[in-house]
Amino acid sequence: MRPDWYQQDPDRIGFTDHLTPMHASPLAFRAKGEQRLRGDERRLASQRVGCATHALLLEGGAAFRRGYVVTGVRRDPRTEAYRQVLEAADGRQVLSQAEHDKACSIATAVRSHAWVRAFLDELTGEGWRMVVEQPLRWSESLHLADRPAVVRAGVDPWEGIEQAQIECKGIVDALAVNRQAGRAAIVDAKEVPTTNLRPLFAHLERRLYHVQAAHYLAGVRALLPGIEVDYYWLGYEGSGLHDTVLIRMSDDDADYGQAVRADLLRRIVQTRRTGEYPGRHTQVVQSSLPAWSTRNDHTEEVF
């Protein structure tokens with residue numbers, strides 16, 4: 001779960017709180033900032049199940065018991081019964097029985113695949129150290145414009161382009177490091193609608209997970225300079241058989257995510273400087289209805 005400093009440092013740029021709403025518009029970015037500290041129980045319940053699933057899947061039952069308690073008492077801090085549950089939990093995360101059962105069902109199904117177990121066992125084997133729910137804080141220098149497409153030989157391509165120092169944050173599902181080998185791996189566990197690759201890849205892009213990956217890669221590389229870092233999505237279907245897919249992020253997709261992230265970071269810096277928060281559109285747009293590009297020209301009109 002998020003450490004205290006994560007919410008107490010709201011201006012430090014994160015994926016969910018900053019990059020995602022800015023992708024919609026500066027207006028959405030400002031609205032997210034105003035709502036950031038107001039909890040949404042449905043979202044928080046999904047977050048609890050996700051974190052519990054990751055603990056069971058990536059760390060095992062012993063680590064889960066150290067961080068979680070399960071109760072059949074209704075979640076209502078106004079009741080004496082639930083206040084007693086919180087007191088007994090002593091800082092551990094409280095799950096309902098239904099949340100616990102779902103997390104167990106998913107973790108068991110995913111780990112039932114021998115090839116998934118082998119992958120995770122390698123990242124916890126000799127020479128490796130894995131940390132789950134690893135918080136990251138880092139600073140980086142951001143160029144506020146792209147480098148020129150053509151640069152004369154011997155000229156710094158970034159010469160004359162303004163830079164800004166930005167503060168960032170993130171929490172990776174799992175970070176495994178092998179310092180002796182100079183390697184690290186980020187494992188990002190995701191509930192996905194399907195393991196059919198074509199719609200799955202579209203889902204990853206639509207949810208900006210390539211941008212999230214670029215953000216976390218920047219953080220790990222800032223904290224572990226000189227270490228080669230791979231990024232994996234461990235996707236599982238949230239219902240049914242919980243079919244599973246493991247995806248290694250390609251270099252091309254990492255570059256794509258990095259480019260989109262850089263553009264969003266520049267928009268955040270600019271918006272904070274100007275104090276202006278326009279919506280998605282700032283001028284009149286011309287219509288281009290999908291039907292006109294997909295209609296069958298041979299279809300007869302009927303009047």
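Further up the page is the structure itself.
Let me begin by describing the structure that accompanies this report. Small disclaimer: the values here were computed from a predicted structure and weren't measured. (Residues numbered from 1 in each chain as written. Predicted model: local features only at pLDDT ≥ 70, side-chain atom pairs only at ≥ 80, totals over all residues. Heavy atoms only, no water.)

**Digging into the overall build of the chain**
Threshold: Segments assigned H or I by DSSP are reported as helices when at least four residues long, segments assigned E as strands when at least two residues long, and all are numbered from the N terminus. Exposure is judged per residue with a 1.4 Å probe applied to protein chains only, and the accessible area is read against the type maximum: over 50% gives exposed, under 20% gives buried, and values in between give partly exposed.
Within the chain, the regular secondary structure consists of twelve helices and seven strands. Here the chain, with 303 residues, has 41% of them falling under the buried criterion.

**Considerations on the pattern of salt bridges**
Convention followed: Here, a salt bridge means any Lys or Arg side-chain nitrogen found within 4 Å of an Asp or Glu carboxyl oxygen.
Applying the stated criterion across every chain, the model contains twelve salt bridges. When the shortest N-O distance is used, the salt bridge between Glu191 and Lys102 registers 4.0 Å. Of the two residues, Glu191 sits in strand E5 (residues 183-192) while Lys102 sits in helix H7 (residues 97-111), which places them 89 residues apart along the sequence. Of the residues examined, Glu191 reaches a relative accessible area of 41% and is grouped as partly exposed. Arg248 is the salt-bridge partner of Asp230, the closest N and O atoms lying 3.0 Å from each other. Of the two residues, Asp230 sits in strand E6 (residues 228-237) while Arg248 sits in strand E7 (residues 244-248), which places them 18 residues apart along the sequence. The class for Arg248 is partly exposed, based on a relative accessible area of 44%. Linked by salt bridges that have partners in common, Arg48, Arg75 and Glu99 make up one network.

**A few points about unusual backbone geometry**
One non-glycine residue, Glu133, adopts positive backbone phi at about 55 degrees. For Glu133, the position within the fold is in strand E3 (residues 129-143). Of note, His242 is a non-glycine position whose phi angle comes to about 55 degrees, a positive value. Residue His242 is classed as buried on the basis of its relative accessible area of 8%.

**Here we look at the sheet that holds strand E4 (residues 163-178)**
Operational definition: Note on pairing: DSSP must find at least two bridges between two strands before they are called paired. Each axis is a line fitted through C-alpha atoms, and for a helix only the stretch in contact is used; angles between axes span 0 to 180 degrees, taken between their N-to-C directions. Contact definition: two residues touch when any of their heavy atoms are within 4.5 Å.
Read from one edge to the other, the open sheet built from five strands follows the order E3-E4-E5-E6-E7, with strand pairing classed as mixed. Looking at the sheet topology across the chains shown, the edges are occupied by E3 and E7. Direction aside, neighbouring strands of the sheet carry axes that sit 35 degrees apart on average. Bridge count for E5 against E6 is ten bridges, and the pairing is parallel. Within E6, the position partnered with Glu191 by the bridge is Tyr236. Contacting E3, E4, E5 and E6, helix H10 (residues 209-223) crosses the sheet at an angle of about 90 degrees to E3.

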